[in-house]
Each structure stands twice: as structure tokens, then as C-alpha cells.
Amino acid sequence: MSKVADLQKAQQAITHPSVGPFVGVELLGAIDKALAVAGPTGNPGAIRERAKAYSETAKAYAQASADLESVATAKLPNAWTGSVAENATQAVLALASELTVSRKTLEQAATQLNAWADDLEGAQNTDAQGITALQNVQKTLGQDAFDTEKAVAAIGPADIAVGTRISAAQRAESSGTRTASLINQLAAKARTERAGQGTIDPLAALVLANEKGPGGGADGDYILTDNQLDRAKEFMSVMNGADQAAFQSLLSGAKSPEEAAYLWKALAAGHSVADVQQFAALIHPHGDDPAWLSQHLVPGLSTDPLQEESTTHKTLLTYKGAQILDGYDVYSQRNVGDCVAASTVVASLKLDPVSMLQVTTGNMPDVPGADAPEYFKQRLQQLFINQYQQGQLANGDQKIYPENGGGIGPKGNTFLANQNLGKATGSTYEYVDLNTDDDRRAAVNRIEKALDEGKPVPFCAYDEASKNAGKDGSYHQMVIVARDGDRLQVYNPWGQSVWVTEDQFIHNHLNDGGLTDTVNINRPYGVELPK
């Protein structure tokens, strides 16, 4: 058990001794158990020294990044012209971007480490106060252990003292967990290293790893997720010579680094080189238009781009400025229990530019009006219906939509997770029960790892009060698509996304921020996790 749990167990023994002449002896035993629990460990001074080192390194990176940007924009040799200068500029800017990411990463780490040091120091001081108070009660009671009146009077002070230790342990554990979570997320930003291990040229890996869509922040909105960088490298390493040459030819002919990055993304999503060639032919006329590529291959589908981290407002699903959920029964979640297909499809489209191009343009990118929001709605509606029916069949249902609009069972859930998300990420998903707070706490560690690698995580939840009242419980599936520290971005297939804290996820408060509106779907009970 954790220190908090051990102290809480001792507190229970302190506040609930047996009645009789041995109450003092029992109380002393419980105090001994409370004192036996170790206090918060760690050296705040050493943590602050590490934070200081990170800050100093970040300053050096900031200067180097500024110098490189200056070189790229104003100081390349005049003899470098045309494609030579363009490629050199891209490479130098990519290196500057990498240093900027490193600077911001180190700054964030330093800030969190300093906060952790403060919390740890405060927890250790508070814990020392609780220990002293417990020892005082122990000393006083030890002289009159069989004085029932004094023993009963000592219960209150002992309870307060162990409560002080519990507060200290909770502060230390919470801060330590929060720090570990953020450091793990920051460590996942070592993108160029991931891309550069293998057959990819180091300089090409640098440009590839740092390519962003229009408006991408200094450390976010990359075209390729971390997992896709790994997948692209793996696919290249096992290709036969003909496929490798064909793919390299596509990359060489790309009009821009952005176009090349989307070709890599298509490959990483599990498509064959032949499929990527067809995809390349469709997007190549627009290869030098980053805005067009972004709008049709990875549209935000929302007013809340991921670089707008930890927003507190609810955001609606949109495409090209139009809200797309009005008037369509399946993904409007009206009288159709299609949340499984609706959530996994939207999450997978963000990972697969080949499928997204089909939805945004019908694979007719040069036909005027083919990418209109109304056509987008119709194609998305049909995709949801197809996936919904496949999920019902995989679940073993005898009837499928439209005869059966009652939802999809666990087998269908896992089938769609693997079909939609597994193909795009290379992972096999498994269903994990979330029956207790401890189950959800353990799942959060795996959820964080999956999100840091660019792997969405579907989960199921219900309205606890409704179920306890004997009603239907409003069972529902949603999907976690991103995280920012200890905050999770949850997409609800009713067409909106909301950030929730990990604490809210663990303790059944999902709807505190209005994730499911007036239907209080608050309790997660199962999750599809990458193995």
C-alpha cells in the first residue's frame, strides 16, 4: 500500500479502538503503526540544483536558436540559390526549431522541479510536525496506558496528528506523481532522435520531425506524431528495394517539406506504397500550399486546436467553419447508440491523411465544391454507418443498423478500436475494466504513455446516479485524444471536446466541465488501451 493508505489505516485504528480497559494499549499500538510509516523522502536542495542546471542550459539553447534563425533568414551565402538555398534554409530552421523545443522543454522541467522541491520541503516540514505531535501523545499516554479517561481524551489529539501526516503524504505523493507525469511527457518530445534512428538521413530526420502545419506553435501541432515517426522508420527499414526506391522518388518529387511529411504520415498509418502513390498523385498539385494540405489532410475538426492547451471552454466539432453535427441521426447520437463508431472514427481520421482526404474531398480534390462542408457531412455520416454496422457484426449481433440502433457490445468495441486506431498506430488494443479508483489510477499511467506516443484512447462511462436509481445509466463511449500535463482532452461524439483533469477521471467527476451537458455521465468503467 502507499504511505497515505498506511497512515489512513493507522488513523482508522486510532479513532475506532475497542471499548474497555485496554483502549490505551490499543491506542499506543495504533500510534506506533502511524509512526512506523516513513515520511516523504527526497532532497529538495538537490532537486533545485537540477532545476538550476536545466534553466542555465535552456538559456544557452535560446541564444543558439536565435543565432540559427538569423543565419537561415539573412546570412546564407549569396552563392546558395534556388533549391540549394531553400533546402539549407529548411534544415537550419529545423535545427533552430529543435533547439527552441529543447529550450522550452528544459524551462518547463525546471519550473516543475522547483515546484516539486517546494512541495516536498513543505510536506517534510508538515510531516515532522505530525510526528512530533504523535510522539507527544505517545509519551503522555505511555505513563497512564490503563487510565481509560486519559486514553479516550488522547484519541482526538492523536487523530489530528496522524491527519497532519496524511496531508503531508498526500501533498508529496500528488506533487511527485504530477512531476513524473510532466517529465515523461517532456521526454517524449525528443522527436528528432526517434526519427533519426535507422535508415533516414539525420538531416532529413531533423526536418521531418520538426515539420508543422500552418499556425503550429513552437512545440506542438506537428504533422507527424511521435509514434508515426517510429512507424515510418520501421516501415522504411523492412521495405524491399523496389518499394523503397518508389517511396524515395515520391519524397524527392514533393513540392514542400509539408507534402513529404504527409507522405510519411500516410505510410505510418499502415498504407502500402502503392496506396501512398495514389494518395501522392491526388495531393501533389497542392503540395506547395501548406494551408490546403492542412485543411484537407488533418483539419482540426474543432475550434480548439491542440496548441491551445488546457482550455476550459467546451469546443464543438466543425469543418471549414461549419458545425457538422446538425441533421444527421447517427453521429448526432439522437436515437442511435453509435458512440463507439463515432468516437473511434474521428480519432483515427486525425491519424490517417489517406482516409481523411476521402472524407474531405471524396478523392476529388480538384473538383470545385467537392470539399464543401455539406459533402463532408454526408461522407462522414456514411463512414460512421459502415463502421457501426461492422462493429455490430463483430459483436455477434443478429440484427444491425438500421434495424438495430441499440449500440455495440464489448467485442465490437475492441474490434473497432483495432480496426480504426490499431491500423493507424500499429498497436493492438485491449479492454480493461475500471471498477475502482485504483483501477482508474493504474490506467491513467498507460493512458499518458499512449497519448504521448500519439495513440488515442477510447473509454466507456455511465451516469452513476441514473444507474443507482434503476434507470438506463446512459452508457456512452468517448475518446481521449491528447493531454497537457495532468489534463486530458476528451472528445465526446456528440460533437464536442472538453479538457478534464486526471483526478476527475479517477474519482468519477468527468462531467464537472460540461463534457456530457445535462446528462451526468461521470463514471468511467472500461477503457481500450494499447498493449
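About the cut-offs
Residues numbered from 1 in each chain as written. Predicted model: local features only at pLDDT ≥ 70, side-chain atom pairs only at ≥ 80, totals over all residues. Heavy atoms only, no water. Helix = DSSP H or I, 4+ residues; strand = E, 2+ residues; numbered from the N terminus. Buried < 20%, exposed > 50% of the residue type's maximum accessible area, 1.4 Å probe, protein only. Pairing = 2+ DSSP bridges. Axes fitted to C-alpha atoms, helices over the stretch in contact; angles between N-to-C directions. Parallel < 35°, antiparallel > 145°, perpendicular 65-115°, else oblique. Left-handed = near helix turned anticlockwise from the far one by under 90°. Contact = heavy atoms within 4.5 Å. Nonpolar A, V, L, I, M, F, W, Y, C, P; charged D, E, K, R; others polar. Core = buried A, V, L, I, M, F, W, Y, C linked by side-chain atoms within 4.5 Å.

**Student:** Just to check I follow, could you spell out the environment of Ser294 for this structure?
**Tutor:** In this structure, Ser294 sits in helix α12 (residues 290–297). C-alpha of Ser294 to C-alpha of Glu259: the two residues are 35 residues apart in sequence and 9.8 Å apart in space.

**Student:** Explain the pairing of strand β8 (residues 496–501) to me, please; I cannot follow it from the model alone.
**Tutor:** Where a strand is regular, its side chains alternate between the two sheet faces. Burial runs high along β8: 6 of the 6 residues are buried. Neither face of β8 is left uncovered, since the one carrying Gln496, Val498 and Val500 and the one carrying Ser497, Trp499 and Thr501 both have all their residues buried. The sheet contact formed by strand β1 (residues 315–316) and β8 spans 2 bridges and is antiparallel. Each bridged residue has a counterpart across the sheet, and for Leu316 the counterpart in β8 is Gln496. When strand β7 (residues 487–492) meets β8, the two strands line up antiparallel, connected through 6 bridges. Residue pairing across strands places Gln489 opposite Trp499, the latter belonging to β8. Adjacent in sequence and paired antiparallel, β7 and β8 are bridged by 3 residues, among which Gly495 carries a positive phi angle near 105 degrees.

**Student:** Help me understand the packing of helix α1 (residues 3–15) against helix α2 (residues 23–36), please; the structure alone is not making it clear to me.
**Tutor:** Two quantities define a packed helix pair, namely the angle between the helix axes and the distance between the axes. Across the interface, α1 lies against α2 with an axial gap of 9 Å and an inter-helix angle of 165 degrees. One element, α1, and the other, α2, form an angle in the roughly antiparallel class. Judged by the twist between their axes, the crossing of α1 over α2 is left-handed. Of the residues in α2, those in contact with Leu7, Ala10, Ala13 and Ile14 of α1 are Leu27, Ala30, Ile31, Lys33 and Ala34. Taken together, the residues of the contact of α1 with α2 sort by class into 8 nonpolar, no polar and 1 charged.

**Student:** Where do I start with the sheet that holds β1 in this structure?
**Tutor:** Strand pairing in a sheet relies on backbone hydrogen bonds. The paired strands run either parallel or antiparallel. Here we have 7 strands laid out as an open sheet, ordered β1-β8-β7-β6-β5-β9-β4, and antiparallel in their pairing. Edge positions in the open sheet fall to β1 and β4 (429–433), since each of these has one partner strand only. Pairing of strand β5 (residues 457–462) with strand β9 (residues 523–530), which is carried by 4 bridges, proceeds in the antiparallel orientation. Paired with Cys460 across the strands is Gly526, a residue of β9. Contacting β4, β5, β6 (476–484) and β9, helix α17 (residues 410–425) crosses the sheet at an angle of about 135 degrees to β4.

**Student:** What should I look at first to understand the nonpolar core in this one?
**Tutor:** Grouped burial of nonpolar side chains is what soluble globular proteins tend to show. Counting 28 residues, the largest nonpolar core has Phe247, Leu263, Trp264, Phe279, Ile283 and Leu297 as its most contacted members. Among the secondary structure elements, those contributing two or more residues to this core are α8 (226–238), α9 (241–253), α10 (257–268), α11 (273–283), α12 and α15 (353–361). At 7 residues, the largest contribution of residues to this core is made by α10. Residue contacts for Ile283: discarding those within four places in its chain leaves Glu259, Leu263, Trp292, Leu293, Leu297 and Leu357.

The analysis is restricted to geometry; functional conclusions fall outside its scope.
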